[in-house]
Amino acid sequence: MVVTVDGPAGSGKSSASRLLAQELGFAFLDTGALYRAIALAARRDGMLEAGEAELAAWLKQVPLEAKSQGGRFVVFLDGQDVEPFIRNEAISQLASRLSALAPVREHLLGLQRAAGRAGDLVAEGRDMGTVVFPGAEAKFFLTAGESERAHRRWLELTQSGQQVDMADVLADLRLRDQRDSQRSLSPLRPAEDAVVLDTTPLSLSEVVAALAQKVRERRAGAPR
Ligand code: DC
């Protein structure tokens, strides 16, 4: 079974999806990490201003992998776990920019779908329910008010030891929201059959409980 969770930055989708996967005993795939890893590699290899044809050729030789480890897919670049290098605002913005380009989206499609064939999966991102797993058995779209999302993002960054200003976090979030939802390829939007949940007033455990409940209903054969 594939469960998709889409939504904008700070909507709580990453934390909720990770915990939902644990609760259900499903694997967890954070597709933003794949876009972030490509941003990291593109910056390192001087490919940030490359044209689409050049980018497509370059992508073919980027050693990027998503390996299932302990219930989640870990993203490796050159055999190294990228996690310590991708959770910062510079990479967020580069990932958002590069994710609007066709060669990048096409390149990642196969990798993401392969994760879906490997077994039960919770996949989170921007286009999981609309493009990558349109046939998923349960789809969610999480939202939250802009200032709540900026606050969550600020907390996440400061708790990981980064010095960031709330006003800058809000400005970056707005820029990313606009780019991710207005691009022509796979823009951020709820799938027609997604359950939309506003997480603004909810705690993380309340969000996870609501999602788990819906998935169980679907598994038991409840209509959409
Ligand atoms: O979920 P995230 O913040 O880690 O994602 C980083 C960027 O990657 C996001 O701004 C847009 C892009 N992205 C995407 O276009 N499609 C996805 N499925 C996941 C992420």
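Above: the structure in question.
Every value quoted in this text rests on a predicted model; they were computed, and no experiment measured them.

*Asks:* Quick question: what am I supposed to make of the packing of helix H8 (residues 146–159) against helix H9 (residues 166–182) here?
*Replies:* Angle between the axes and distance between the axes: these two values describe a pair of packed helices. Running from amino to carboxyl end, H8 crosses H9 at an angle of 115 degrees, the nearest separation of the two axes being 9 Å. When you trace H8 past H9, the crossing you get is right-handed. Here H8 contributes Glu146, Ser147, Arg149, Ala150, His151, Arg153, Trp154 and Leu157 to the contact with H9, which in turn contributes Met166, Val169, Leu170, Leu173, Arg174, Arg176 and Asp177. Taken together, the residues of the contact of H8 with H9 break down into 7 nonpolar, 2 polar and 6 charged.

*Asks:* Looking at this structure, I do not really get the site of the ligand. What am I missing?
*Replies:* The ligand sits among 16 residues. The nearest are Arg36, Arg105, Arg126, Asp180 and Arg183. At 2.8 Å, a side-chain N or O of Arg176 approaches an oxygen atom of the ligand. Contact distances for the ligand include 2.8 Å between an oxygen atom and a side-chain N or O atom of Arg183. When isolated, the ligand has an accessible area of 450 Å², and the protein chains bury 97% of it. In a pocket analysis with a 2 Å cut-off to the grid points, the ligand is assigned to the largest pocket. For the shell around the ligand, the secondary-structure elements that each account for two or more residues are helix H2 (31–44), helix H5 (89–98) and H9. Here the shell around the ligand takes 4 residues from H2, the largest share from any one element. Tallied by class, the residues present in the shell around the ligand amount to 3 nonpolar, 5 polar and 8 charged.

*Asks:* It is not clear to me how the pairing of strand S3 (residues 64–69) should be interpreted in this structure. Could you clarify?
*Replies:* Moving residue by residue along a regular strand, the side chains alternate between the two faces of the sheet. Where S3 and strand S4 (residues 72–77) come together, 6 bridges link them in antiparallel fashion. Paired with Gln69 across the bridge in S4 is Arg72. The turn linking S3 back onto S4 is made up of 2 residues, and Gly70 within it adopts a positive phi angle of 55 degrees.

*Asks:* For this particular structure, what's the right way to read helix H1 (residues 13–24)?
*Replies:* The periodicity of an α-helix, 3.6 residues per turn, causes residues three or four positions apart to be oriented the same way. Taking 1.5 Å of rise per residue, 12 residues should cover 16 Å, and H1 covers 16 Å from first to last C-alpha, within 8% of that figure. For H1, every residue scored as buried is listed here: Lys13, Ala16, Ser17, Leu20, Ala21 and Leu24. Projected down its long axis, H1 shows its buried positions confined to an angular sector of 135 degrees, all on one face. Those residues of H1 that are buried lie in contact with strand S1 (2–6), strand S2 (27–30), strand S6 (121–125), strand S7 (138–143) and helix H10 (204–219). Gly25 sits one or two positions beyond H1 and adopts a positive phi of about 75 degrees.

*Asks:* It is not clear to me how empty space enclosed by the protein should be interpreted in this structure. Could you clarify?
*Replies:* In the structure shown here, the tally under the stated rule is 1 cavity of 30 Å³ or more. In this structure, the largest cavity encloses a volume near 90 Å³. In this structure, the largest cavity is lined by 13 residues; those nearest its centre are Asp30, Ala33, Arg72, Phe73 and Glu83. Looking at the lining of the largest cavity, the elements with two or more residues in it are S2 and S4. Sort the elements by how many residues they give to the lining of the largest cavity and S4 lands first, with 4 residues.

*Asks:* I'm lost on the layout of surface pockets in this one. Help?
*Replies:* Any empty space left between the atoms is revealed when a probe the size of a water molecule rolls over them. Empty space within the largest pocket amounts to approximately 770 Å³. Along the wall of the largest pocket there are 38 residues; nearest its centre are Gly10, Lys13, Ser14, Arg153 and Glu156. For the lining of the largest pocket, the secondary structure elements donating two or more residues are H1, H2, H5, S6, H8, H9 and H10. Here the lining of the largest pocket gets 5 residues from one element, more than from any other, and that element is H8. In terms of residue class, the lining of the largest pocket is built from 8 nonpolar, 14 polar and 16 charged.

*Asks:* Explain the environment of Phe133 here, please?
*Replies:* By secondary structure assignment, the location of Phe133 is in the loop between helix H7 (128–132) and S7. In this structure the C-alpha to C-alpha distance between Phe133 and Pro103, which are 30 residues apart in sequence, comes to 19 Å. If we ignore the near neighbours within four places in the chain, the residues touching Phe133 are Val2, Thr4, Gln112, Arg113, Gly116, Leu121, Ala123, Met128 and Lys139.

*Asks:* How do you make sense of the pattern of salt bridges when you look at a structure like this?
*Replies:* Think of it this way: side chains of opposite charge can pair up when their charged atoms draw near. Tallied over the full model, the rule gives 18 salt bridges. Its salt-bridge partner being Arg97, residue Glu49 comes within 3.4 Å of it at the nearest N-O pair. Of the two residues, Glu49 is situated in the loop between H2 and helix H3 (52–60) and Arg97 in helix H5; the sequence distance between them amounts to 48 residues. Classification of Arg97 by relative accessible area gives partly exposed; the value is 34%. One salt bridge connects Asp120 with Arg219, and the closest N-O pair in it is separated by 3.8 Å. Here Asp120 is found in the loop between helix H6 (102–117) and S6, whereas its partner Arg219 is found in helix H10, with 99 residues between them in sequence. Under the relative-accessibility criterion, Asp120 is labelled partly exposed at 32%. Here the residues in one salt-bridge network are Asp30, Glu83 and Arg87, joined through shared partners.

Conventions used here
- Residues numbered from 1 in each chain as written.
- Predicted model: local features only at pLDDT ≥ 70, side-chain atom pairs only at ≥ 80, totals over all residues.
- Heavy atoms only, no water.
- Axes fitted to C-alpha atoms, helices over the stretch in contact; angles between N-to-C directions.
- Helix = DSSP H or I, 4+ residues; strand = E, 2+ residues; numbered from the N terminus.
- Left-handed = near helix turned anticlockwise from the far one by under 90°.
- Contact = heavy atoms within 4.5 Å.
- Nonpolar A, V, L, I, M, F, W, Y, C, P; charged D, E, K, R; others polar.
- Near = heavy atom within 4 Å.
- Polar contact = N/O pair within 3.5 Å; in protein donor to acceptor, adjacent residues only side chain to side chain.
- Areas by Shrake-Rupley, 256 points an atom, 1.4 Å probe, with all protein chains shown as cover.
- 1 Å grid on protein atoms, 1.4 Å probe; cavity = no way out; pocket = protein on both sides within 12 Å on 5 of 7 lines; lining within 4 Å.
- Sits in = over half its atoms within 2 Å of the grid points.
- Pairing = 2+ DSSP bridges.
- Expected span 1.5 Å × (residues − 1).
- Buried < 20%, exposed > 50% of the residue type's maximum accessible area, 1.4 Å probe, protein only.
- Arc of directions from axis to C-beta.
- Points joined across faces, edges and corners; volume = space filled by probe spheres on them.
- Salt bridge = Lys/Arg side-chain N within 4 Å of Asp/Glu carboxyl O.

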